[in-house]
Amino acid sequence: MERINALRSLIPSQDLTFLAGVPYVYHCHHYNLFHDQTIDDALGEELGTKVRTIAARNAFRELIAALSTELRADTPVERLQLATDLFSWMGHGTLKLSVDETGGRADGAFLHYGYSWREKYGAKVKRSHPADAVAAGFAAAATEVAFSLPSGSIEATEEHCIALRDAACRFALRRVNPTPAPREVNRSVVEPLLGPVFGGMEEEKITAIADGLRGFLRGVAGDERGLVQAFGVFVSMHLSNYYNETVFEVIHHIEREQPRSADVAEALFREAGQVCVFHTFGNILLSPEWEGMVGSPSGSPAEILVNSCAIARGLGFGHWTIHEYAPERQFVLRTPSNYEAPFYLRRYGRSDKARCCFLQGSALAMMVLAHRVKWAENPRLTQDFYISLFRGRIPWRVRQPLCPTRGDSMTEIVVSPV
Amino acid sequence: MELTRDIACFRSLTWRCDLPPGSDCDVLAQRLSRAGYQRAPSLPGSVVLRSAEGHEIVLVPRTLRAGIRVHYMTEEPARRFTAERVFVTLVKGVLGRILGSGPGDQQGVARSVRLPH
Amino acid sequence: MAQGFLEHAVVGVPSIRAVFITAMPDCLLYEAWVREENSEWAVEDVASYFGDLVRANRHGLKALGSWSSEMQTTIESADMLVVLKEITSDFVCGCVFERGAPLGMVRLHLKRLLERILANLPSVHNEERPRGVRIVEFLDRYAPDPHAVLLRVSLRTGIPIDALKAAESMTADQIALMEESACRLLGLKQLNI
């Protein structure tokens, strides 16, 4: 897997990460599950699953094709092997592909989505539809690339899923009429869309911490089951194109079909950002590894904001900077880059709305964590604690005055009192 | 040394304790390697050791914090017991009582390890 | 602590040692009556623990796939018999009986006692509360991510979030939509409320 690892690249001044030129980030299972759940809430389970599967197919097709070229995997069996190794290495579980150019079957074990859904929600609710659309899309993409099939010519359906209390996950793949591939979103098209670089408060400190975290993540890979357990969460190396395509397809659908619900959809995608910051950033901040590298949180709100920006950069979310901070009053986060806006510009062009819901929710959550968590008392980041922090009246609101999708040169998020 | 629960999103997977003042984490890591714990990737400033079963011990030399992470495949009812077994191994390492520790290690114990009352 | 209506409610129940009414979900003591010889009991603590116990039992039953809103917990110890019942969504009643009291008599006394208590509690009977309100409460109690559940229902159904927050005023169509959505969210065929 060192061969794949060697194909990582970074735009250092922008803190955006790529694998064989395809943008990737790290997200935890809490975020992944909430994100997918929101897609299904918006579209219904059937259409939601379809949109998620297609988005995964599109994103991973780009990656598997690029890797196959770079690593000279020329035959179907080489490409399929590369794909299955990649899937596990990225922390998505284990996928066994029994396919040919007409389709076939895939068997999944310890799939990131289904497995973590069962761990998190399985005792509380029953699920009626499968959870592993990403694995389905991946299997379809791998089959298309392996046999040099046109884009969209393999359809994959999850027929059994452990989240449905089946014994294992199984997918059926079949040949269908191809659909045109969407516009590629890779480093070569993203880089020109990024704004001029700038710094913010505590820039040197943030950079040093982010570099340390990024260096650590280079050594992180799926275990023998293809899962990555780190910082108390299941981490996945994932393609931002998947997140973006699903989010924006949903938002556009809602804006067309149910415009009065557009605010609600955006609120839930912001909520997903809050979930990410609380669970991923929070668990990193309280980990022994963080204590060794940076020191355990002292309780200073400014320190939490600095550390959070560093974590964001380390995870590939972009060059988050603290432009302005007045304790309890205002927090202005600016970034020349994030993983949402360039995708939107590339696929859809300009918009009259700001489009960075994940970043908005994250910034709000950073302010809540900075001011409402007693870090020095070693808090337990449980679901009940999350609910107590984010339920009811939060004394701040978040808005996005600047967004590259509207032609601005940067993203600006302002968190201020209600 | 006292084993306590740490924060974790899955029940009973993450535990912590504090090493005695003066503990030498490099020596401790060497002793734990004789108990089957091998070094794994970590952030600068900490040492992560992983057993063949996938359980981890994280040592923070600067603050002498130690974390214990039980592998996620451990059945929930067994997690506490597993954490305690890992903790016992850690304590034995601190005391220089892991099998294979040479006489030099035993002499080192009296100077470098002081257990809290 | 004023004994209030409970002093009258326990008349004719010779084996009763104490009654605790716990206000949920905060597990706070609402009202209590204890026999003279048990006056040293820390009534606030007992009420709080009883509330927690009922809540924990509720979660345990959920994990077993039991979704009924009817639940009664009986605890038998060496010197007393405790029966806990969730009498409305807002109140839990804990009755402590003499250990020697026959179970059949306990059940009979309990039924009458609960009727008297229910008549004196401030909220209306479950059956009289608007169904929309009860569905929202049910979701709040059982849905994962309860802080986001109304947003999720709003997105699924198209019902404005403000309407969901004023569930007592929802139309019949909206209630039907919300109930269907709640069933899908929880993986249930129907809601037992």
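Quick caveat, the model's predicted, so the values are computed rather than measured.

> Explain the overall build of chain A to me, please; I cannot follow it from the model alone.
A count of helical and extended segments in chain A gives 15 helices and 13 strands. The C-alpha atoms of chain A give 20 Å as radius of gyration, which agrees with the globular expectation for 418 residues (22 Å, within 12%). Principal-axis analysis of the C-alpha atoms places the extent of chain A at approximately 60 × 45 × 45 Å. Counting all 418 residues of chain A, 64% fall into the buried class. About 14,600 Å² of surface is accessible on chain A, with carbon and sulfur atoms providing 50% of the total.

> Before we go on, may I ask you to explain the pattern of salt bridges in this structure?
Any two side chains of opposite charge can pair, on the condition that their charged atoms come close. Residues and elements named next belong to chain A. Enumeration over the complete set of coordinates arrives at 38 salt bridges over all chains. Where D40 meets R52, a salt bridge forms, and the shortest distance between an N and an O atom there is 2.9 Å. Of this pair, D40 sits in helix α2 (residues 29-43) while R52 sits in helix α3 (residues 45-70), placing them twelve residues apart in sequence. When sorted by exposure, D40 lands in the same class as R52, which is buried. One salt bridge connects R334 with E412, and the closest N-O pair in it is separated by 2.8 Å. Here R334, found in strand β11 (residues 330-335), pairs with E412, found in strand β13 (residues 411-417); they are 78 residues apart in sequence, far enough to count as distant.

> Looking at this model, I keep getting lost on the interface of chain B and chain A. Mind explaining?
Interfaces are often described in size by the accessible area the parts lose on coming together. Of the residues lining the interface, 26 residues belong to chain B; the matching set on chain A comes to 33 residues. For the pair chain B and chain A, the two sides together bury roughly 2,500 Å², of which 55% comes from carbon and sulfur. For R69 of chain B, the salt bridge goes to E289 of chain A, with nearest N and O atoms at 2.4 Å. For the interface between chain B and chain A, the tally reads seven residue pairs in polar contact (both at pLDDT 80 or more).

> So what exactly am I meant to see when it comes to the pairing of strand β5 (residues 91-98) of chain C here?
Residues and elements named next belong to chain C. Across the eight residues that make up β5, a large majority, seven, are buried. Sheet topology note: the strand β1 (residues 16-23)/β5 ladder contains seven bridges and is antiparallel. Each bridged residue has a counterpart across the sheet, and for A23 the counterpart in β5 is F91. In this sheet, β5 lies alongside strand β4 (residues 80-86) in antiparallel orientation, the contact comprising seven bridges. Residue pairing across strands places L84 opposite G94, the latter belonging to β5. Taking the residues between adjacent antiparallel strands as the criterion, β4 and β5 are bridged by four residues.

> Teacher, can you tell me more about the environment of A32 of chain C here?
Take A32 of chain C: it is sitting in strand β2 (residues 28-34). Linking A32 of chain C and G4 of chain C, residues 28 residues apart in sequence, is a C-alpha distance of 8.4 Å.

> Is there a simple way to think about unusual backbone geometry in this case?
With glycine set apart, most residues show a phi of negative sign, and most peptide bonds adopt trans. Residues and elements named next belong to chain A. In the Ramachandran plot, D15 falls in the positive-phi region, its phi being about 55° despite a non-glycine side chain. Mapped onto the fold, D15 is located in the loop between β1 (8-11) and β2 (16-19). Here D15 falls in the buried class, since its relative accessible area comes to 3%. Residue F110 is not a glycine yet carries a positive backbone phi of 50°. Since its relative accessible area comes to 24%, F110 is described here as partly exposed.

> Honestly, the domain arrangement of chain A in this entry has me stumped. Any pointers?
Residue and element names in this part refer to chain A. The assigned domain composition of chain A is domain 1 (22-175) and domain 2 (187-417). The C-alpha centroid of domain 2 is placed 25 Å from the C-alpha centroid of domain 1. With 44 residues of domain 1 in contact, the opposing surface of domain 2 contributes 41 residues. When domain 1 packs against domain 2, close to 4,200 Å² is buried across both sides, 69% of that on carbon and sulfur atoms. Inspection of the region where domain 1 meets domain 2 yields 19 residue pairs in polar contact (both at pLDDT 80 or more). Only β3 (22-28), α2, α3, α4 (76-89) and α5 (112-121) provide two or more residues apiece to the side of domain 1 that touches domain 2.

> Would you explain the pairing of strand β9 (residues 233-239) of chain A in this entry?
Remark: a regular strand shows side chains that alternate across the two faces of the sheet. Residue and element names in this part refer to chain A. For β9, a buried count of seven out of seven residues is recorded, marking the element as mostly surrounded by other parts of the structure. The two faces of β9 match: V233, V235, M237 and L239 on one face and F234, S236 and H238 on the other face are all buried. Where β3 lies against β9, five bridges are found, and the strand directions are antiparallel. Bridge assignment links H27 to a residue of β9, and that residue is S236. Remark: two residues form the turn of the hairpin made by strand β8 (residues 228-230) and β9, two consecutive strands paired antiparallel; F231 in that turn has positive phi of roughly 55°.

> Sorry, what's going on with the confidence of the model for chain B here?
Caution applies to low-pLDDT parts of the model: their predicted coordinates are not meant to be read in detail. The predicted model of chain B has a mean per-residue pLDDT of 82, with 80% of residues at 70 or higher. With pLDDT under 50 throughout, residues 101-117 of chain B is counted as low confidence; its partners more than four residues away or in other chains account for 24 contacts.

> When you look at the sheet that holds β4 of chain C in this model, what are you seeing that I'm missing?
All names here are of chain C. Strand order in the open sheet made by the five strands is β2-β1-β5-β4-β3, with antiparallel pairing throughout. On the outer flanks of this sheet lie β2 and β3 (72-76), each paired with one strand and no other. Averaged over neighbouring strand pairs, the angle between their axes works out to 15° when direction is ignored. Note: β1 against β2, six bridges, orientation antiparallel.

Conventions and cut-offs
Residues numbered from 1 in each chain as written. Chains lettered and ligands numbered in written order. Predicted model: local features only at pLDDT ≥ 70, side-chain atom pairs only at ≥ 80, totals over all residues. Heavy atoms only, no water. Helix = DSSP H or I, 4+ residues; strand = E, 2+ residues; numbered from the N terminus. Rg over C-alpha atoms; globule rule 2.2 N^0.38 Å. Buried < 20%, exposed > 50% of the residue type's maximum accessible area, 1.4 Å probe, protein only. Areas by Shrake-Rupley, 256 points an atom, 1.4 Å probe, with all protein chains shown as cover. Salt bridge = Lys/Arg side-chain N within 4 Å of Asp/Glu carboxyl O. Contact = heavy atoms within 4.5 Å. Buried area = accessible area lost by both parts, 1.4 Å probe. Polar contact = N/O pair within 3.5 Å; in protein donor to acceptor, adjacent residues only side chain to side chain. Pairing = 2+ DSSP bridges. Domains from an automatic or database assignment. pLDDT = per-residue confidence, 0-100. Axes fitted to C-alpha atoms, helices over the stretch in contact; angles between N-to-C directions.

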